Amino acid sequence: MALKHVNAVIVGSGAGGGVAAKELATAGLSVVLLERGKFHSPAGCRKDDLRNQRTSALGNGFGPGDERNPRVLVDETGKERIVLASEGGYSNNAACVGGGTFSYGAMAWRFMEKDFRMKSTYGAVEGSTLDDWPLTYDELEPYYEKAEWEMGVSGDDSANPFRAPRKRPLPMPPLPPNREYEVLHPAAKRLGLHPFDIPMLRNTAPYNGRGPCMRCRWCVGFACEVDARTGTHNTVIPAALATGNCELRTECIVREVLVDNRGRASGVVYFDAEDRRQEQTADLVIVSGGAVESARLLLNSKSRLFPNGLGNRHDWVGRNLQSHTYSGAVGLFNFDTYDDLGPGAQIAICDYNHGNPGLAGGAMLANEFIRLPYQFLDYAPAYVPPWGPAHKEWVRKAFRRTIVVIGPTQEMPIFEARVQADPKVKDYWGIPVARLSGGKHPHSIEIARFMAGKAEAWLKEAGAARTWRRQPSRGLSGGQHQAGTCRMGGDPKTSVVDKYCRVHDVDNLHVIDASVHVTNGGFNPVLTILAVAYHAAGHLAKTWKNTRGRV
Amino acid sequence: MPRKNGPLKRRGFLEAALTAAASSSLVSCGRAGGGAYWRFFTAAEARTVDAICERIIPADDCPGASEAAAVNFIDLQLTRHYKKHRDAYRQGIAKVEEAARERGGKVFAELAPEQQLEVLAEIEEKHAGFFALIRAHTMQGYYGDPRHGGNREEVSWRMLGLPSPPVRGRVPYETKAG
Ligand SMILES: Cc1cc2nc3c(=O)[nH]c(=O)nc-3n(C[C@H](O)[C@H](O)[C@H](O)COP(=O)(O)OP(=O)(O)OC[C@H]3O[C@@H](n4cnc5c(N)ncnc54)[C@H](O)[C@@H]3O)c2cc1C
Ligand code: SF4
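Residues numbered from 1 in each chain as written. Chains lettered and ligands numbered in written order. Predicted model: local features only at pLDDT ≥ 70, side-chain atom pairs only at ≥ 80, totals over all residues. Heavy atoms only, no water.

Draft legend 1. Layout of the overall build of chain A. A count of helical and extended segments in chain A gives 10 helices and 18 strands. Relative to its 551 residues, chain A shows a buried fraction of 67%. If you take every contact in chain A between residues at least 6 apart in sequence, the share linking residues at least 24 apart comes to 74%. For chain A, the exposed surface amounts to about 18,300 Å²; the carbon and sulfur share of it is 51%. (Helix = DSSP H or I, 4+ residues; strand = E, 2+ residues; numbered from the N terminus. Buried < 20%, exposed > 50% of the residue type's maximum accessible area, 1.4 Å probe, protein only. Contact = heavy atoms within 4.5 Å. Areas by Shrake-Rupley, 256 points an atom, 1.4 Å probe, with all protein chains shown as cover.)

Draft legend 2. Broad picture of the overall build of chain B. When you go through chain B residue by residue, the secondary structure sums to 7 helices and 0 strands. Relative to its full complement of 178 residues, chain B shows a buried share of 48%. Taking as baseline every contact in chain B between residues at least 6 positions apart, the subset at least 24 positions apart corresponds to 59%.

Draft legend 3. Molecular detail of the interface of chain A and chain B. Contacts between the two partners involve 50 residues from chain A and, on the opposite side, 54 residues from chain B. Across the chain A/chain B interface, buried area totals approximately 4,600 Å², and carbon plus sulfur atoms make up 56% of it. Considering only the side of chain A, the residues that lose the most area to chain B are Arg46, Trp387 and Lys392 of chain A, jointly responsible for 19% of the buried surface there. Summed over the shared surface of chain A and chain B, the result is 5 salt bridges. Asp60 of chain B serves as the salt-bridge partner of Lys392 of chain A, at 2.9 Å between the closest nitrogen and oxygen. Summed over the shared surface of chain A and chain B, the number is 16 residue pairs in polar contact (both at pLDDT 80 or more). (Buried area = accessible area lost by both parts, 1.4 Å probe. Salt bridge = Lys/Arg side-chain N within 4 Å of Asp/Glu carboxyl O. Polar contact = N/O pair within 3.5 Å; in protein donor to acceptor, adjacent residues only side chain to side chain.)

Draft legend 4. Structural detail: the packing of aromatic side chains. Residue and element names in this part refer to chain A. All told, the structure shown has 23 aromatic pairs over all chains when counted by the stated rule. Considering the side-chain rings of Phe116 and Tyr137, the 6.4 Å spacing of their centres and the 50° angle between planes classify their relative orientation as tilted. Taken together, the positions of Phe116 in the loop between β4 (80-83) and α2 (118-122) and Tyr137 in helix α3 (residues 137-152) put the pair 21 residues apart, joining distant regions of the chain. Take Phe116: its relative accessible area is 0%, and that puts it in the buried class. Members of the aromatic cluster, joined through ring pairs, are Trp109, Phe111, Phe116, Trp133, Tyr137, Tyr144, Phe196 and Phe523. Of note, Arg71 hangs over the ring of Tyr90, and the distance from its end group to the ring centre comes to 4.1 Å. (Phe/Tyr/Trp six-rings, centres within 6.5 Å; stacked < 30°, edge-to-face > 60°. Lys NZ or Arg CZ within 6 Å of the ring centre and 35° of its normal.)

Draft legend 5. Region of the structure containing helix α6 (residues 291-300) of chain A. Among the 10 residues in α6 of chain A, 10 count as buried, and that is most of the element. Among all positions in α6 of chain A, only Ala291, Val292, Glu293, Ser294, Ala295, Arg296, Leu297, Leu298, Leu299 and Asn300 of chain A are buried.

Draft legend 6. Representation of the confidence of the model for chain B in the model. All names here are of chain B. Within chain B, residue pLDDT values average 81, and 71% of them lie at 70 or more. Low pLDDT (under 50) marks residues 1-35, which in the prediction has 53 contacts with non-local residues, meaning those over four places away or in another chain. Counting contacts from residues 170-178, a segment whose pLDDT is below 50, to residues more than four positions away or on other chains yields 13 contacts. Across the predicted assembly, pTM comes out at 0.94 and ipTM at 0.95. (pLDDT = per-residue confidence, 0-100.)

Draft legend 7. Structural view of helix α1 (residues 15-26) of chain A. Residue and element names in this part refer to chain A. For α1, built from 12 residues, the straight-helix expectation of 16 Å at 1.5 Å per residue is met to within 8% by its first-to-last C-alpha distance of 17 Å. Of all 12 residues in α1, 11 are buried, a share of seventy percent or more. Listing the buried residues of α1 in full gives Ala15, Gly16, Gly17, Gly18, Val19, Ala20, Ala21, Lys22, Glu23, Leu24 and Ala25. (Expected span 1.5 Å × (residues − 1).)

Draft legend 8. Spatial organisation of unusual backbone geometry. All names here are of chain A. A cis amide bond links Gly63 with the next residue in sequence, Pro64, at an omega value of -10°. Within the secondary structure layout, Pro64 lies in the loop between β2 (31-34) and β3 (71-74). Following Gly342, the chain continues into Pro343 via a peptide bond in cis, with omega recorded as -10°. Its location among the elements puts Pro343 in the loop between β11 (325-332) and β12 (347-349). The phi dihedral of Asp340 falls on the positive side, at around 65°, and the residue is not glycine. For Asp340, a relative accessible area of 8% gives the class buried.

Draft legend 9. Region of interest: the site of ligand 2. Lining the immediate surroundings of ligand 2 are Lys47, Arg202, Cys213, Met214, Arg215, Cys216, Trp218, Cys219, Cys224, Val226, Arg229 and Pro343 of chain A. Class assignment for the residues of the shell around ligand 2 results in 8 nonpolar, no polar and 4 charged. (Near = heavy atom within 4 Å. Nonpolar A, V, L, I, M, F, W, Y, C, P; charged D, E, K, R; others polar.)

Draft legend 10. Summary view of the pairing of β2 of chain A. Residues and elements named next belong to chain A. The alternating pattern of β2 places Val31 and Leu33 on one face and Val32 and Leu34 on the opposite face, and all of these are buried. Relative to β2, strand β1 (residues 6-11) runs parallel, the two sharing 4 bridges. By the bridge assignment for β2, Ala8 is matched with Val31. Remark: the β1/α1/β2 crossover connection has right-handed handedness. In this sheet, strand β7 (residues 246-249) lies alongside β2 in parallel orientation, the contact comprising 4 bridges. Among the inter-strand pairings, Leu33 is bridged to a residue of β7, identified as Leu248. (Pairing = 2+ DSSP bridges. Right-handed = clockwise from strand over helix to strand, strands pointing away.)

Draft legend 11. Just the site of ligand 1, in detail. Residues and elements named next belong to chain A. Residues in contact with ligand 1 amount to 39 residues; listed here are only the nearest, Gly16, Glu35, Arg36, Met107 and Val526. In this structure, Gly105 approaches ligand 1 through a main-chain N or O atom, which is 3.0 Å from a nitrogen atom. Val526 places a main-chain nitrogen or oxygen 2.7 Å from an oxygen atom of ligand 1. Those elements that provide at least two residues to the shell around ligand 1 are α1, β8 (253-259) and α10 (526-544). Per-class residue counts for the shell around ligand 1 are 17 nonpolar, 18 polar and 4 charged.

Draft legend 12. Region of the structure containing the packing of helix α2 (residues 43-56) of chain B against helix α4 (residues 86-104) of chain B. All names here are of chain B. Axis separation between α2 and α4 bottoms out at 10 Å; the angle between their running directions is 75°. Between α2 and α4, the crossing angle belongs to the class labelled roughly perpendicular. Of the residues in α4, those touching α2 at Glu45, Thr48, Val49 and Ile52 are Arg90, Ile93, Val96 and Glu97. Class assignment for the residues of the contact of α2 with α4 results in 4 nonpolar, 1 polar and 3 charged. (Axes fitted to C-alpha atoms, helices over the stretch in contact; angles between N-to-C directions. Parallel < 35°, antiparallel > 145°, perpendicular 65-115°, else oblique.)

Put into structure tokens, the structure is as follows:
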């Protein structure tokens, strides 16, 4: 039986897809939201320290599963291997209703003005496709504000003189300081830095009908059992469903976007929870699968008119895969710094995001989220033996006495860091899998090293008895902050979508997720993904008026 | 909210997993020598693995990996997520026993601690892949959640001074789910 035709079909219910569903459904369009993962509720929450979205030793907590979703990874030496979804190198984010926002840490950063104008600010960087966005901060500002107020952000960035201008403060105050905050704040002041409270998509007061954070030990990577952490699963998606115009179908994996003989998108083919092939036709198709899967889907959507996949006339789909080059330092103190209060990350500085001599950018630095015992082992310094009595002794002494300061260094995008559709390997449904290859730009590593030094200096000033740096690796960047694979731009020859996320040569096809980021800022990306989605989907809803998406 | 196969299915799974976890802690009472109880290991293999785990995280004034039942964690996971590592364990354990016989003429578990360390140093060098695996799994079985078969009675969490029950503010209907 053919499925009922709708105005819009959206692939993926994460950050971008969730906002798009709400904007279109409230504007009166009929919407089908397809999600390959499951719906999880806070009541089904199980805090499992070996099986979650951050520590996947025993599997991913919120998808995808290992059995059906392999990828191919080509390493720096050109060797290729199959990787499973819970293994390192897979570049996973999540597969469930809410996507990454269901289990993330929820830092909610606005990028700075210069983050949208990286090439104008720093000039061309050799070997990098560094460029400006076709959008400015000023154009996005109202949509940042909309995301902050509609979804609910807590924090206080008024003490941050480097922040981009905002018209309205954040709707909720920050959590009271934890011990790490109290140790780091005066130290930053002594160094002449400008510490402030991290903005977070987390209720600190009742907001939107949900209660405040109870500060548990299990935050980033887990479900929030009191539903205080905010994602698209508990805000915009329920709002979309409440209009009566949106239907959410879970465990439905989209295989390809269909095009008609005039080259317009006509719908999608997907496999439902019982593995039946379904065809959903629609006036508009919106791809919001995250940077790896959105690129894979466009590349797998081949037809006579689009032999290399959709949006890929100039070979830009899947290119510029980037994330953040994380680096920082760990400090060991002579006194307890652990107070068992989640989420843990609370204090940040933006003193080193820009203006670092000889460097094209930088990063925000913040204290790390609260660490569970098994996770903590990762932070051991090289001087501690990896096992035996000395290791145990160190864990025991250091667990309550370390602070980690770390930051997401903005990366120099490179054309050869990419997602392709693998020519041989297929997933459980017979769909060619994502093939990931490439590495990092040497300048990204250089900036990250500089940031590690700054983190270390902050910890030393705070009184750390010993410090050691967390150095970045050269390997491909993807994972939780994956972005860039369907770049936004004014020139169809060097980008995939326009400033409203519309694919250049298919006027009723949009990509609304992290894929469109030209550069990824020196910040966790989600608030920018949400703001861009509000901007693009709002524009689409306004211009819709029975034009069926034609311009 | 409209959904398919959502929480209900998951709930069922949770309960099944819980039952399994509950029975496994009973099983682990017969650890090290209680051959009939092991899911994957033979009694002899379990004894070897138990002794290796204890060298990786030895007892001091706090329990070591043996008392935390890390071997029970590994045995259980070899029937679940770590099925893919079965061959690595069979072969790795055989290598350890081979090295133990060469060095001390005894099975690994019966060697003196110093000799065990020599054997493990050799394994760490010559069979780095297996050693990294059993090292990581021992850490998981010691520092990870007891629901997976290790960290018996939360020995490691108590060592680190983490308050228990672990989740604060749990609403009453949640206390059953683990
Ligand atoms: C543990 C963790 C911590 C994080 N912490 C932070 C943080 O503190 N701050 C921050 O800014 N960001 C954080 N992130 C990152 C953030 O979650 C992501 O940047 C964001 O969710 C990406 O949004 P997106 O719309 O691009 O894709 P996603 O949110 O990944 O959504 C894509 C969705 O599409 C679905 N999908 C993909 N392909 C298909 C298909 N073919 N058919 C059907 N469905 C499909 C996927 O299952 C997924 O649900 C974190 C992420 C994780 C996992
Ligand atoms: S720390 Fe707060 S927001 Fe995070 S999971 Fe716990 S209660 Fe939820």
